[in-house]
Amino acid sequence: MTGERPAGALPPETLAAIRVVFFEECEAHLAQLTAGLRALQAGRRDPEAIGDAARAAHSIKGGAGIFQLNALARFSGRLETALGEIRAGRLEPGPDILGLLSRACEALADLVAAGAEDRPADPALTAPILEQLAAVASEPAAPAGLDFTPRPMPFQPLRRA
Amino acid sequence: MPQAAAVEVMVVDDQRAMRALVRDSLGQIGCPCVSECGDGHEAIQSLRARPVNLVVSDLNMPVMDGLALLKAVRSEPILANTAFIMLTSRGDAEFVKQAIALGVNNYLVKPFTLSMLKRKIESVFGPLT
């Protein structure tokens, strides 16, 4: 990061309009998470449904990061990681884990509501769940340290009919 | 040294908010020619009919993800001059390695700033005027 805020220099009214769309989309993401959790509770280990749920958490994390909703980004990121571990078969979704995921989905919905209403969420409600999620699934490495040189490409204006 | 206004970009992301953010950010850095698609399948169909200079694509999408789209773009002779920047999140290291192996031109980690987006494009095409 450069110290510049994410999406810095976009007009405030533009960012405000995008934020509204983000919270509209959050409703669909929360519904997808709930559907994935219900499938797991019903004993279905459908990788696609778990993947959809993980992607929903991922989407909330990405948007929350843009708007500097750090608590929401951190929480949804942890939930995404836990779901990814289940999908990969590294975390067994037994009763304890399913209970944790259920509480996490409720807490995430509260965090989304707090963000949409522009009020602070109660960390006392989310911190214990965040800690438990961290205990069952550790965060993967960031790609920042990858050894990569950008690949230049000659620019050729397009000819349109 | 391309003119920013001449760079035609396709933004591919399943989230409307993220597409709007990238589109508006591109507009701010002088690239107003932007089209949008909601997944890789839609994108490759559109690119075959109407190539662009640059694809800025999310990695994690339903139907056809960013890696599959990159692979499809790299296998199309008509898209040989199409640059590809992958939008990723922290923690996507393994997928970024796969994107590098598939020939991605650069990647951009979310959340990003306007100057980061511009630098990534300039790392591919050279300074934008």
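Residues numbered from 1 in each chain as written. Chains lettered and ligands numbered in written order. Predicted model: local features only at pLDDT ≥ 70, side-chain atom pairs only at ≥ 80, totals over all residues.

(A) Fine view of the sheet that holds strand E1 (residues 9-12) of chain B. Residues and elements named next belong to chain B. Strands sit in the order E2-E1-E3-E4-E5 across an open sheet of five strands; the sheet is parallel. Each edge of the open sheet is held by one strand with a lone partner, namely strand E2 (34-37) and strand E5 (106-110). Neighbour to neighbour, the strand axes of the sheet diverge by 20° on average, direction disregarded. One ladder, built from four bridges, connects E1 with strand E3 (residues 54-58); its direction is parallel. By the bridge assignment, Val11 is partnered in E3 with Val56. Lying on the sheet, helix H5 (residues 114-125) is in contact with E3, strand E4 (83-89) and E5; it crosses E5 at an angle near 175°. (Pairing = 2+ DSSP bridges. Helix = DSSP H or I, 4+ residues; strand = E, 2+ residues; numbered from the N terminus. Axes fitted to C-alpha atoms, helices over the stretch in contact; angles between N-to-C directions. Contact = placed C-beta atoms within 7 Å.)

(B) Looking closely at the interface of chain B and chain A. The interface of chain B with chain A comprises 39 residues on the first partner and 36 residues on the second. Of all the secondary-structure elements, those providing two or more residues to the side of chain B that touches chain A are helix H1 (16-28), E4, helix H4 (93-101), E5 and H5 of chain B. The element best represented in the side of chain B that touches chain A is H1 of chain B, accounting for eight residues. In terms of residue class, the side of chain B that touches chain A is built from 18 nonpolar, 14 polar and seven charged. (Nonpolar A, V, L, I, M, F, W, Y, C, P; charged D, E, K, R; others polar.)

(C) Local environment of the pairing of E1 of chain B. Residues and elements named next belong to chain B. Neither face of E1 is left uncovered, since the one carrying Val9 and Val11 and the one carrying Met10 and Val12 both have all their residues buried. Looking at chain direction, E1 and E2 are connected through four bridges and run parallel. Following the sheet pairing, Val12 is matched in E2 by Cys37. Each parallel crossover has a hand, and the one from E1 via H1 to E2 is right-handed. (Buried ≥ 20, exposed ≤ 12 C-beta atoms within 10 Å, placed from the backbone. Right-handed = clockwise from strand over helix to strand, strands pointing away.)

(D) Region of the structure containing unusual backbone geometry. In this structure, Pro111 of chain B follows Lys110 of chain B across a cis peptide bond, with omega equal to -5°. Of note, Gln68 of chain A is a non-glycine position whose phi angle comes to about 55°, a positive value. Relative to the elements of secondary structure, Gln68 of chain A occurs in the loop between helix H2 (47-66) and helix H3 (70-87). Despite not being glycine, Asp118 of chain A has its phi angle at roughly 55°, a positive value. Summarising the element assignment, Asp118 of chain A is placed in the loop between helix H4 (95-116) and helix H5 (123-136). Judged by the 8 C-beta atoms lying within 10 Å of it, Asp118 of chain A falls in the exposed class.

(E) The nonpolar core, seen in detail. One finds Val9, Met10, Leu54, Val55 and Met86 of chain B to be the most contacted residues of the largest nonpolar core, which totals 73 residues. Not counting residues up to four positions away in its chain, the partners in contact with Val55 of chain B are Met10, Val12, Ala43, Val73, Thr82 and Phe84 of chain B. (Core = buried A, V, L, I, M, F, W, Y, C linked by C-beta atoms within 7 Å.)

(F) Quick peek at H3 of chain A. All names here are of chain A. An ideal rise of 1.5 Å per residue puts 26 Å on 18 residues; H3 measures up with 25 Å between its terminal C-alpha atoms. Most of H3 is tucked away, with 15 of its 18 residues classed as buried. Directly beyond the C-terminal end of H3, a positive phi value near 80° is found at Gly89. (Expected span 1.5 Å × (residues − 1).)

(G) Quick look at the confidence of the model for chain B. Here chain B averages 94 in pLDDT, while 99% of its residues score no lower than 70. Interface confidence for the predicted complex, given as ipTM, is 0.88, next to a pTM of 0.89. (pLDDT = per-residue confidence, 0-100.)

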